[in-house]
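For reference, the chains in residue letters:
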Amino acid sequence: MIRLWGRTTSINVRKVLWTLQEAGVPFERIDAGLAFGVVNDADYVAKNPNRLVPLLEDGDFVLWESNAIVRYLCARYAPALYPQDLRARFDAERWMDWQQTTLNRAGSPAFLQLVRTPPEARQQAVVAASRAAMAPCIAVLNAHLSSRAWMGGDAFSMADIPVACDIHRWWNLPQPAPDAPHVQRWFNAVLARPATRGVLDLPLA
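Computed from a prediction, not measured in an experiment: that's the story for all the values here. (Residues numbered from 1 in each chain as written. Predicted model: local features only at pLDDT ≥ 70, side-chain atom pairs only at ≥ 80, totals over all residues. Heavy atoms only, no water.)

## Some words on the environment of valine 115
To keep it simple, the criterion reads: Counting from the N terminus, the helices are DSSP H or I runs at least four residues long and the strands are E runs at least two residues long. Only heavy atoms matter for contacts: two residues are in contact if any of them lie within 4.5 Å across the pair.
Tracing the backbone shows valine 115 in helix H4 (residues 86-115). Along the chain, valine 115 and aspartate 41 lie 74 residues apart, while their C-alpha atoms are 27 Å from each other. With sequence-adjacent residues up to four places away left out, valine 115 is seen in contact with Leu173, Leu204 and Ala205.

## Side note on the packing of aromatic side chains
We apply this condition: Only rings of Phe, Tyr and Trp enter the pairing, Trp through its six-membered ring, and a pair is recorded when the two centres are within 6.5 Å. The plane angle decides the type: under 30 degrees is stacked, over 60 is edge-to-face, the rest tilted. Only protein chains enter the accessibility calculation, which uses a 1.4 Å probe; a residue whose area is less than 20% of its type maximum is buried, one above 50% is exposed, and one in between is partly exposed. The criterion is that NZ of a Lys, or CZ of an Arg, lies within 6 Å of the ring centre and within 35 degrees of the ring normal, and then a charge sits over that ring.
Evaluated as defined, the whole model comprises six aromatic pairs. Relative to tyrosine 72, the ring of phenylalanine 61 lies with its centre 5.0 Å away and its plane at 50°, an arrangement referred to as tilted. Remark: tyrosine 72 occurs in helix H3 (residues 66-77) and phenylalanine 61 occurs in strand E4 (residues 61-64); sequence separation between them is eleven residues. Here phenylalanine 61 falls in the partly exposed class, since its relative accessible area comes to 35%. A centroid spacing of 5.3 Å and a plane angle of 85° characterise the contact between tryptophan 150 and phenylalanine 156, whose relative ring orientation is edge-to-face. Look at tryptophan 150 and you get buried, because its relative accessible area is 12%. Under the relative-accessibility criterion, phenylalanine 156 is labelled buried at 6%. Among the aromatic residues, those joined into a cluster by ring pairs are Trp18, Trp150 and Phe156. Above the face of the tryptophan 150 ring, arginine 193 is positioned so that its terminal group lies 6.0 Å from the ring centre. Residue placement shows arginine 193 over the ring face of phenylalanine 156; its charged tip is 3.7 Å from the ring centre.

See the structure below:
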(Lines give C-alpha, C1' and ligand atoms only; values in the text may rest on other atoms or scores of the structure.)
Protein backbone atom coordinates (compact mmCIF):
# COMPACT_ATOMS: atom_id res chain seq x y z
CA MET A 1 0.00 0.00 0.00
CA ILE A 2 1.19 3.49 -0.84
CA ARG A 3 0.65 6.11 1.84
CA LEU A 4 0.82 9.84 1.19
CA TRP A 5 1.14 12.04 4.24
CA GLY A 6 0.05 15.64 3.79
CA ARG A 7 -2.81 18.11 3.60
CA THR A 8 -4.40 18.96 0.27
CA THR A 9 -3.85 22.69 0.84
CA SER A 10 -0.11 22.18 0.28
CA ILE A 11 1.12 22.78 -3.26
CA ASN A 12 3.78 20.13 -2.74
CA VAL A 13 1.25 17.55 -1.59
CA ARG A 14 -0.93 18.40 -4.57
CA LYS A 15 1.91 17.53 -6.95
CA VAL A 16 2.16 14.05 -5.48
CA LEU A 17 -1.60 13.51 -5.21
CA TRP A 18 -2.02 14.42 -8.88
CA THR A 19 0.85 12.10 -9.89
CA LEU A 20 -0.69 9.20 -7.99
CA GLN A 21 -3.99 9.81 -9.78
CA GLU A 22 -2.21 9.96 -13.15
CA ALA A 23 -0.54 6.64 -12.32
CA GLY A 24 -3.84 5.08 -11.32
CA VAL A 25 -2.38 3.21 -8.34
CA PRO A 26 -4.27 2.69 -5.08
CA PHE A 27 -3.10 4.81 -2.19
CA GLU A 28 -4.11 6.18 1.18
CA ARG A 29 -3.71 9.85 2.02
CA ILE A 30 -3.32 10.93 5.64
CA ASP A 31 -3.77 14.57 6.64
CA ALA A 32 -0.63 16.07 8.15
CA GLY A 33 0.89 19.51 8.55
CA LEU A 34 -0.31 22.87 9.89
CA ALA A 35 -3.58 22.42 11.81
CA PHE A 36 -3.45 18.64 11.40
CA GLY A 37 -0.18 18.33 13.29
CA VAL A 38 1.50 14.90 12.95
CA VAL A 39 4.74 16.26 11.47
CA ASN A 40 6.28 16.73 14.92
CA ASP A 41 5.35 13.27 16.16
CA ALA A 42 8.36 11.09 16.84
CA ASP A 43 7.33 8.42 14.34
CA TYR A 44 6.91 10.99 11.58
CA VAL A 45 10.17 12.79 12.38
CA ALA A 46 12.00 9.47 12.18
CA LYS A 47 10.79 9.18 8.58
CA ASN A 48 11.10 12.85 7.63
CA PRO A 49 13.47 14.83 9.85
CA ASN A 50 12.49 18.03 8.02
CA ARG A 51 9.03 17.82 9.66
CA LEU A 52 7.39 18.82 6.40
CA VAL A 53 4.90 17.36 3.93
CA PRO A 54 4.62 15.46 1.69
CA LEU A 55 5.99 12.13 2.81
CA LEU A 56 5.52 9.01 0.69
CA GLU A 57 5.63 5.45 1.97
CA ASP A 58 5.69 2.74 -0.68
CA GLY A 59 5.88 -0.43 1.34
CA ASP A 60 9.12 -0.13 3.29
CA PHE A 61 10.48 2.63 1.04
CA VAL A 62 10.17 6.15 2.45
CA LEU A 63 10.71 9.30 0.39
CA TRP A 64 10.35 13.02 0.99
CA GLU A 65 10.85 16.08 -1.27
CA SER A 66 7.87 16.56 -3.57
CA ASN A 67 9.59 16.66 -6.95
CA ALA A 68 11.70 13.62 -6.09
CA ILE A 69 8.49 11.80 -5.18
CA VAL A 70 6.92 12.80 -8.50
CA ARG A 71 9.96 11.45 -10.37
CA TYR A 72 9.90 8.19 -8.43
CA LEU A 73 6.18 7.59 -8.94
CA CYS A 74 6.42 8.28 -12.66
CA ALA A 75 9.47 6.07 -13.09
CA ARG A 76 7.90 3.17 -11.20
CA TYR A 77 4.18 3.41 -11.87
CA ALA A 78 3.65 5.72 -14.85
CA PRO A 79 6.60 5.18 -17.23
CA ALA A 80 4.80 7.03 -20.02
CA LEU A 81 5.32 10.20 -17.96
CA TYR A 82 8.99 9.47 -17.28
CA PRO A 83 11.05 10.24 -20.40
CA GLN A 84 13.24 7.33 -21.40
CA ASP A 85 15.50 9.31 -23.69
CA LEU A 86 18.27 10.76 -21.55
CA ARG A 87 18.13 14.25 -23.03
CA ALA A 88 14.35 14.41 -22.77
CA ARG A 89 14.54 13.20 -19.17
CA PHE A 90 16.99 15.85 -18.11
CA ASP A 91 15.05 18.50 -19.98
CA ALA A 92 12.07 17.53 -17.80
CA GLU A 93 14.30 17.47 -14.72
CA ARG A 94 15.47 20.99 -15.55
CA TRP A 95 11.94 22.39 -15.61
CA MET A 96 11.06 20.59 -12.38
CA ASP A 97 14.09 22.12 -10.69
CA TRP A 98 13.21 25.53 -12.14
CA GLN A 99 9.75 25.26 -10.62
CA GLN A 100 11.18 24.59 -7.18
CA THR A 101 14.09 27.03 -7.20
CA THR A 102 12.74 29.92 -9.29
CA LEU A 103 9.01 29.87 -10.02
CA ASN A 104 7.92 28.85 -6.54
CA ARG A 105 10.23 31.29 -4.80
CA ALA A 106 8.95 34.15 -6.95
CA GLY A 107 5.25 33.50 -6.41
CA SER A 108 5.08 32.20 -2.84
CA PRO A 109 5.31 35.59 -1.07
CA ALA A 110 2.22 36.94 -2.85
CA PHE A 111 0.33 33.72 -2.14
CA LEU A 112 1.17 33.87 1.56
CA GLN A 113 0.13 37.52 1.75
CA LEU A 114 -3.09 37.28 -0.27
CA VAL A 115 -4.36 33.92 0.97
CA ARG A 116 -2.85 33.10 4.34
CA THR A 117 -2.43 36.55 5.85
CA PRO A 118 -5.38 38.50 7.32
CA PRO A 119 -6.24 41.55 5.19
CA GLU A 120 -5.26 44.00 7.92
CA ALA A 121 -1.79 42.47 8.18
CA ARG A 122 -0.95 42.21 4.49
CA GLN A 123 2.13 43.96 3.18
CA GLN A 124 1.45 45.30 -0.28
CA ALA A 125 5.14 45.86 -0.89
CA VAL A 126 5.73 42.12 -0.51
CA VAL A 127 2.92 41.39 -2.97
CA ALA A 128 4.32 43.91 -5.46
CA ALA A 129 7.80 42.44 -5.21
CA SER A 130 6.44 38.95 -5.77
CA ARG A 131 4.51 40.08 -8.84
CA ALA A 132 7.64 41.72 -10.20
CA ALA A 133 9.61 38.52 -9.63
CA MET A 134 6.94 36.39 -11.31
CA ALA A 135 6.67 38.52 -14.44
CA PRO A 136 9.90 37.29 -16.08
CA CYS A 137 9.11 33.71 -15.02
CA ILE A 138 5.76 33.85 -16.78
CA ALA A 139 7.47 35.36 -19.82
CA VAL A 140 9.99 32.50 -19.90
CA LEU A 141 7.21 29.95 -19.62
CA ASN A 142 5.08 31.64 -22.27
CA ALA A 143 7.99 31.71 -24.71
CA HIS A 144 8.81 28.07 -24.02
CA LEU A 145 5.22 26.93 -24.57
CA SER A 146 4.84 28.94 -27.77
CA SER A 147 6.52 26.13 -29.70
CA ARG A 148 5.32 22.99 -27.93
CA ALA A 149 2.13 21.50 -26.54
CA TRP A 150 3.59 20.45 -23.20
CA MET A 151 6.62 21.32 -21.11
CA GLY A 152 8.64 18.50 -22.66
CA GLY A 153 7.28 18.66 -26.20
CA ASP A 154 4.41 16.74 -27.77
CA ALA A 155 3.47 14.61 -24.76
CA PHE A 156 2.39 15.32 -21.19
CA SER A 157 5.13 14.29 -18.77
CA MET A 158 6.35 14.61 -15.20
CA ALA A 159 7.67 18.10 -16.06
CA ASP A 160 4.15 19.47 -16.41
CA ILE A 161 2.97 18.52 -12.93
CA PRO A 162 5.04 20.79 -10.64
CA VAL A 163 4.89 23.74 -13.02
CA ALA A 164 1.12 23.46 -13.44
CA CYS A 165 0.60 23.35 -9.66
CA ASP A 166 2.44 26.65 -9.36
CA ILE A 167 0.54 28.19 -12.27
CA HIS A 168 -2.75 27.02 -10.77
CA ARG A 169 -1.87 28.90 -7.60
CA TRP A 170 -0.77 32.07 -9.41
CA TRP A 171 -3.75 32.13 -11.77
CA ASN A 172 -6.17 31.79 -8.85
CA LEU A 173 -4.84 34.57 -6.66
CA PRO A 174 -7.14 37.62 -6.34
CA GLN A 175 -5.30 39.60 -9.00
CA PRO A 176 -5.50 40.05 -12.78
CA ALA A 177 -4.34 37.01 -14.74
CA PRO A 178 -1.10 37.56 -16.66
CA ASP A 179 -1.22 38.13 -20.41
CA ALA A 180 0.35 34.81 -21.39
CA PRO A 181 -1.74 33.10 -24.09
CA HIS A 182 0.56 30.11 -24.54
CA VAL A 183 0.60 29.43 -20.82
CA GLN A 184 -3.19 29.77 -20.73
CA ARG A 185 -3.63 27.34 -23.65
CA TRP A 186 -1.34 24.80 -21.96
CA PHE A 187 -3.04 25.26 -18.59
CA ASN A 188 -6.46 24.72 -20.15
CA ALA A 189 -5.18 21.41 -21.54
CA VAL A 190 -3.82 20.52 -18.10
CA LEU A 191 -7.20 21.18 -16.47
CA ALA A 192 -8.88 18.87 -18.98
CA ARG A 193 -6.95 15.88 -17.60
CA PRO A 194 -9.19 13.74 -15.36
CA ALA A 195 -6.35 13.14 -12.88
CA THR A 196 -6.38 16.82 -11.90
CA ARG A 197 -9.78 16.39 -10.22
CA GLY A 198 -9.46 16.83 -6.50
CA VAL A 199 -6.22 18.73 -7.02
CA LEU A 200 -6.41 21.67 -9.42
CA ASP A 201 -10.12 22.21 -8.80
CA LEU A 202 -9.53 22.84 -5.10
CA PRO A 203 -9.58 26.44 -3.82
CA LEU A 204 -6.40 28.04 -2.58
CA ALA A 205 -5.99 27.82 1.16
